[in-house]
Every structure is written in C-alpha cells, then in structure tokens.
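Residue-level structural notes
Below are the chains, spelled out letter by letter.
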Amino acid sequence: MNHPTPVTIPGRKIGLVLSGGVARGWAHIGAIKTLQKMGYKFDVVAGCSIGAVVGALMLAGKLEALEAWCRGLNKIKIASYLDLNIKSGGLIGGQKLVDEIRRHIGDLRVEDLPQKFVAVSTDLVTGHEVWLQQGVLADVLRASFALPGLFPPSQLQGRWLLDGALVNPCPVSMCRAMGADLIIAINLNADIIGKVRQMEKGVPVAAGFDLLPMMEQTPELKHKTHGLDWLTRRIFHREPQSPSLFGVMTAALNIMLDRMTRSRMAGDPADVHIAPRLGQIGLLEFDRAAEAIAEGEAAVMRKQEELTAALKILRPVS
C-alpha cells in the first residue's frame with residue numbers, strides 16, 4: 001500500500017478550520033479524507049458546531065466510524081434522534097445525539113487529544129465568543145452545536161452556552177491564535193444561492209422534508225407524536241404554498257450563517273479557503289451524507305493548485 005508523502009512545514013504549524021453548517025457538515029468528512037490522502041497532517045484543529053464534532057472525532061480516531069454511521073442515516077432514523085421538546089429551550093432536546101457521540105468516545109477529554117483542538121461557543125448572557133479547550137469532549141461538542149431555537153443552551157463551565165455560529169461560524173481567528181501558520185478552512189456556508197436549484201418546487205422545506213407529517217405516517221415513529229401539544233404541531237405545520245414557523249426559523253439561521261461567515265472571514269481570511277457547493281442540501285437533511293461527502297472531496301480537489309502554492313509561499317523557518 002502506498003502512503004502519501006507527509007505534508008509538513010519545518011518550524012511551522014498547519015491548522016484546519018471546520019465551519020458550522022448542520023447537515024452539510026458531512027462534507028467535512030470528504031474534505032478531511034482527501035486532504036489526508038494528499039499527506040496533510042494538522043497541528044491545530046478549530047471547529048464550530050458540526051465542524052467541531054467532525055474535527056474532534058477525526059482527532060479521536062473515529063472518523064471512519066462517523067462516516068459509516070452518517071451514511072446509514074435515513075429520514076426515519078433522523079426523526080428517531082430528534083427528541084421534540086419545546087419546553088427545553090429548543091425544539092429538539094439533543095440528548096440522543098449527545099448519547100450517540102458519547103457511545104463512540106466515552107468520557108475522552110479535550111486535553112487527551114493528540115493535537116491541539118478548540119471548539120467555539122457563545123455565552124448566552126454576554127454574547128461573548130467562548131473558546132472551549134478543555135473538559136469532557138462530548139460536553140464541549142454539545143455546547144458548540146446548541147443552535148438557538150433548534151437545540152437548548154448547554155450549561156458548561158459556569159456559563160449557559162449556545163452554538164458558536166452566532167459569533168464565529170468559521171473560526172479562522174481562533175485557529176491562528178492557537179499558533180497555526182498555514183490555515184486551511186472548510187466553509188460550508190458559501191453556497192446559499194444553491195437553494196435556487198430547488199425553487200421550482202414552490203416554497204422549499206428548510207429541513208428538506210416535512211418532519212411532523214413524516215413521523216405521523218411512519219408506524220415506527222407515529223407513537224412519538226401522540227403527546228405533542230397544539231403549539232408544537234403548529235410550529236411544524238406547513239401550508240402547501242407557505243413555510244412553517246420551523247421552516248422560517250431554519251431559513252433565517254441559514255442566512256445568518258452565510259452573512260456572519262462572510263463578515264468574519266473578510267477580517268480573518270484563511271490561507272486556503274475551501275467552499276463545498278452545498279446550498280441545495282437542507283439544514284436537517286442528514287440523510288444526504290453520500291452527496292455531501294462527495295462534494296467535500298470535490299471541493300478540495302478544485303483547490304489543489306492553491307494548496308500547493310500556499311505551501312511554497314510559506315517557507316520554512318531557517
């Protein structure tokens with residue numbers, strides 16, 4: 001078996017930044033695997049939300065397990081993980097997802113990872129950007145993907161924390177502050193115009209499918225909808241030619257991710273900016289993993305020349 005020549009820069013550190021993007025985050029898997037095939041090894045990994053999850057599991061040696069799991073998802077399995085609970089501070093409790101992460105990594109701590117890792121979160125009270133660099137990894141990841149309105153805030157290290165995408169969706173600045181000299185950023189939020197590809201279908205479902213009707217029509221999941229109150233049903237109800245409250249909320253989050261990422265990266269640009277074309281994938285379409293992973297691979301291949309040029313420019317320290 002041929003192994004790629006390791007891509008290193010003597011005396012310099014290579015950093016990897018993985019943006020938030022909910023279900024589009026599976027593209028990170030394809031991008032990482034392609035970079036690894038090219039020989040890239042990363043000294044610093046910084047992630048936001050789903051990017052933090054993928055980056056942490058990569059460092060924990062669980063990327064293959066994550067890929068196998070996400071490729072096996074379908075709409076029924078996705079719905080089984082979405083514990084609807086509007087009394088928790090979010091529409092979805094999120095505990096089942098945390099339990100799935102913990103099943104793979106147990107109580108592994110951030111400090112025990114082989115390379116530097118940092119996840120970004122947002123303080124609910126102050127709005128400050130919070131860098132999570134220590135603690136139980138599953139808890140840190142939970143705090144980084146607590147997307148407001150969707151998942152409830154997470155109480156950690158004496159703070160109530162929300163998704164880091166509110167303040168820094170693609171945390172290049174954080175990676176540079178951690179000592180990275182060459183930064184490769186995978187930005188999942190650069191293709192909002194891709195949503196136009198589905199507009200001929202009328203008002204698009206933000207999640208990619210009508211969650212509540214699908215659950216009610218599925219024998220394995222129908223029992224989970226019996227206890228839902230009127231308000232919960234109205235949140236997910238959608239008229240044929242108008243979006244639901246849930247649809248409006250997720251579409252607004254999509255716009256926020258796009259605009260906030262543009263703003264932050266204008267001031268803190270990566271050395272190599274890789275932008276998979278994922279606008280056609282809904283924020284909760286986790287069942288489209290194969291498509292997202294393939295686009296992550298393709299996005300890296302489109303940047304091969306730029307990656308090579310960046311390495312040549314960043315000369316070793318003498």
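Note that the structure is a prediction, hence the values are computed from the model and not measured. Going along each chain's sequence as written, the residues are numbered from 1 onward. Local features in this predicted model are restricted to residues whose pLDDT is 70 or higher, and side-chain atom pairs enter the listing and the counts only when it is 80 or higher, whereas totals over whole chains, interfaces and linings include all residues. Each side-chain value is derived from all of the structure's non-hydrogen atoms; neither hydrogens nor water enter the calculation.

1. Concerning helix α11 (residues 245-267)
Side chains three or four residues apart in an α-helix point the same way, a direct result of the helix having 3.6 residues per turn. Helix and strand definitions follow DSSP, with helices as H or I runs of at least four residues and strands as E runs of at least two, each counted in order from the N terminus. To estimate how far a helix should reach, multiply one less than its number of residues by 1.5 Å. Compared with an ideal rise of 1.5 Å per residue, which puts 23 residues at 33 Å, α11 spans 34 Å between its outermost C-alpha atoms and is within 8% of the ideal. For each residue, the accessible area found with a 1.4 Å probe, counting protein chains only, is set against the maximum for its type, and the residue is called buried under 20%, exposed over 50%, and partly exposed in between. Every buried residue belonging to α11 is among Phe246, Gly247, Thr250, Leu253, Asn254, Leu257, Asp258, Thr261 and Met265, and all of these are buried.

2. A look at the packing of aromatic side chains
When two rings of Phe, Tyr or Trp (its six-membered ring) have centres within 6.5 Å they constitute a pair, described as stacked for plane angles under 30 degrees, edge-to-face for angles over 60, and tilted for the intermediate range. Scanning the model with the defined rule gives 4 aromatic pairs in all. When the ring of Trp26 is compared with that of Phe286, the centres are 5.8 Å apart and the planes differ by 65°; the resulting orientation is edge-to-face. With Trp26 in helix α1 (residues 26-37) and Phe286 in the loop between β8 (272-274) and α12 (289-302), this residue pair connects regions lying 260 residues apart in the sequence. Here Trp26 matches Phe286 in class, with each residue buried. With a centroid separation of 6.4 Å and 15° between ring planes, the pair formed by Tyr40 and Phe42 is classed as stacked. Both residues of the pair, Tyr40 and Phe42, count as buried. Members of the aromatic cluster, connected to one another through ring pairs, are Trp26, Trp69 and Phe286.

3. Comments concerning the pairing of strand β7 (residues 182-186)
Remember that side chains alternate between the two faces of the sheet whenever the strand is regular. Most of β7 sits inside the fold, with 5 of its 5 residues counted as buried. Of the two faces of β7, the one holding Leu182, Ile184 and Ile186 and the one holding Ile183 and Ala185 are both buried throughout. Pairing geometry for strand β1 (residues 14-18) and β7, over 5 bridges, is parallel. By the bridge assignment, Leu18 is partnered in β7 with Ile186. Paired strands are those between which DSSP finds at least two bridges. Where β7 lies against β8, 3 bridges are found, and the strand directions are parallel. Counted as the bridge partner of Ile184 is Val272 from β8.

4. Concerning the pattern of salt bridges
The term salt bridge refers to a pairing of a side-chain nitrogen on Lys or Arg with a carboxyl oxygen on Asp or Glu at a separation within 4 Å. Taken as a whole, this structure holds 18 salt bridges when the rule is applied. In this structure, Asp139 and Arg102 form a salt bridge, with 2.9 Å as the shortest nitrogen-oxygen distance. Taken together, the residues span a long stretch of sequence, with Asp139 in helix α6 (residues 137-144) and Arg102 in helix α5 (residues 95-105) at a distance of 37 residues. For Asp139, a relative accessible area of 29% gives the class partly exposed. For Arg102, a relative accessible area of 26% corresponds to the partly exposed category. For Arg159, the salt bridge is made with Asp123, and the minimal N-O distance between the two is 3.1 Å.

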